[in-house]
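Here's the letter readout for the chains.
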Amino acid sequence: MPAWKNYNKLEISGSMLVPGFSIYLMEVQRGDELPYYYVGMTGDPHYPSARAAFHRIAGHLELREASTQNQLHKAMRDKMNVTDEDIANLRITMHHFPVDGFEKYQGDLGTINKTCDAYTSYKAKQQKVSRLEDTIIYRLKQKLGARALNKTEGADYDLNGYQQILDDVLKIVK
């Protein structure tokens, strides 16, 4: 380990660079405070595409105020009262849960045939992953109150085979 006092290391699993459906749990801790949590998913609701989990976190932490994807950064500022000076002292851990079933859309994303089998299959899977995300958010809000950073309240859905991901997320949360 280098002796340099500002040395940091970021190790990324290759699965976090692969486009596909996934749920991710962001754990944000400042010093010895209890951690805060943010839940997100990959899988676009409007286009049959899904960014890699690592690309989503990069967007979530975008510092520009005009960004439309930096929900986590805004939540840290608004709900945790994180200042620019605090950022260097945060520890952010991303827990990544890939969900099977993503297939790259073979057509032109600019002219999507919303009646084709590939699109309807994508939407069905994307909606299941979205319901999983909503359920996790709902359960975290019940368990953590203000330490759940998502803006939405979520909803409690039947998980149709995704119970294990919910259980695994809840085991992480302190």
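Because the structure is predicted, anything quoted here is derived from the model rather than measured. (Residues numbered from 1 in each chain as written. Predicted model: local features only at pLDDT ≥ 70, side-chain atom pairs only at ≥ 80, totals over all residues. Heavy atoms only, no water.)

Chemist: I'm lost on the environment of D44 in this one. Help?
Modeler: Within the secondary structure layout, D44 lies in the loop between strand 2 (36-42) and helix 1 (53-60). Among residues more than four places away in sequence, those in contact with D44 are S49, A50, Y122 and Q126. (Helix = DSSP H or I, 4+ residues; strand = E, 2+ residues; numbered from the N terminus. Contact = heavy atoms within 4.5 Å.)

Chemist: Just to check I follow, could you spell out the side chain of H96 for this structure?
Modeler: Checked against the element boundaries, H96 lands in strand 3 (residues 90-98). Among the polar contacts made by the side chain of H96, one reaches the side chain of S22 at a distance of 3.4 Å. Among all residues touching H96, those that are not within four sequence positions of it are S15, M16, S22, I23 and A53. (Polar contact = N/O pair within 3.5 Å; in protein donor to acceptor, adjacent residues only side chain to side chain.)

Chemist: Please clarify how the confidence of the model for the protein chain should be interpreted in this entry.
Modeler: Caution applies to low-pLDDT regions: their predicted coordinates should not be interpreted in detail. Summary statistics for the protein chain give a mean pLDDT of 91 and a share of 98% for residues scoring 70 or more. Per-element confidence in the protein chain ranges from a low mean pLDDT of 90 for helix 1 to a high of 97 for strand 2. (pLDDT = per-residue confidence, 0-100.)

Chemist: Teacher, can you tell me more about the environment of A118 here?
Modeler: Among the secondary structure elements, A118 is positioned in helix 3 (residues 117-144). Residues A118 and K104 lie 14 residues apart in sequence; the distance between their C-alpha atoms is 9.0 Å.

Chemist: When you look at the sheet that holds strand 3 in this model, what are you seeing that I'm missing?
Modeler: Ordered by their spatial adjacency, 3 strands build an open sheet running 2-1-3, and the pairing between neighbours is antiparallel. Looking along the sheet, the strands with just one partner apiece sit at the ends: strand 2 and strand 3. Averaged over all adjacent pairs, the angle separating strand axes in this sheet is 20 degrees, with direction ignored. The sheet contact formed by strand 1 (residues 22-30) and strand 3 spans 9 bridges and is antiparallel. Bridged to Y24 within strand 3 is H96. (Pairing = 2+ DSSP bridges. Axes fitted to C-alpha atoms, helices over the stretch in contact; angles between N-to-C directions.)

Chemist: Please explain the pattern of salt bridges as it appears in this structure.
Modeler: Should the charged atoms of two oppositely charged side chains come close, the side chains can pair. Scanning the model with the defined rule gives 10 salt bridges in all. K9 is the partner of E11 in a salt bridge, and the nearest nitrogen-oxygen pair spans 3.7 Å. By the burial criterion, E11 is exposed, and K9 matches it. We note a salt bridge from E153 to K141, for which the minimum N-O separation is 3.8 Å. (Salt bridge = Lys/Arg side-chain N within 4 Å of Asp/Glu carboxyl O. Buried < 20%, exposed > 50% of the residue type's maximum accessible area, 1.4 Å probe, protein only.)

Chemist: Just checking my understanding: could you explain helix 3 for this structure?
Modeler: Spacing of three or four residues puts side chains on the same side of an α-helix, whose turn is 3.6 residues. Along its 28 residues, helix 3 runs 40 Å from first to last C-alpha, staying within 8% of the 40 Å computed at 1.5 Å per residue. G145 lies just past helix 3 and shows a positive phi near 60 degrees. (Expected span 1.5 Å × (residues − 1).)

Chemist: So what exactly am I meant to see when it comes to the side chain of D134 here?
Modeler: Note that D134 resides in helix 3. Despite its burial, D134 pairs with no opposite charge, the nearest such side chain being R131 at 7.8 Å. Discounting residues that sit within four places of it in the chain, D134 has contacts with G154, A155 and Y157. (Lys, Arg positive; Asp, Glu negative; His and termini not counted.)

Chemist: What exactly am I supposed to notice about the pairing of strand 2 here?
Modeler: Walk down a regular strand and you will see the side chains alternate between the two sheet faces. By the criterion of burial, strand 2 is predominantly enclosed, with 7 of the 7 residues buried. Burial along strand 2 is two-sided: Y36, Y38, G40 and T42 and Y37, V39 and M41, pointing in opposite directions, are all buried. As judged from the 7 bridges shared by strand 1 and strand 2, these two strands associate in the antiparallel manner. Paired with M26 across the two strands is Y38, which belongs to strand 2.

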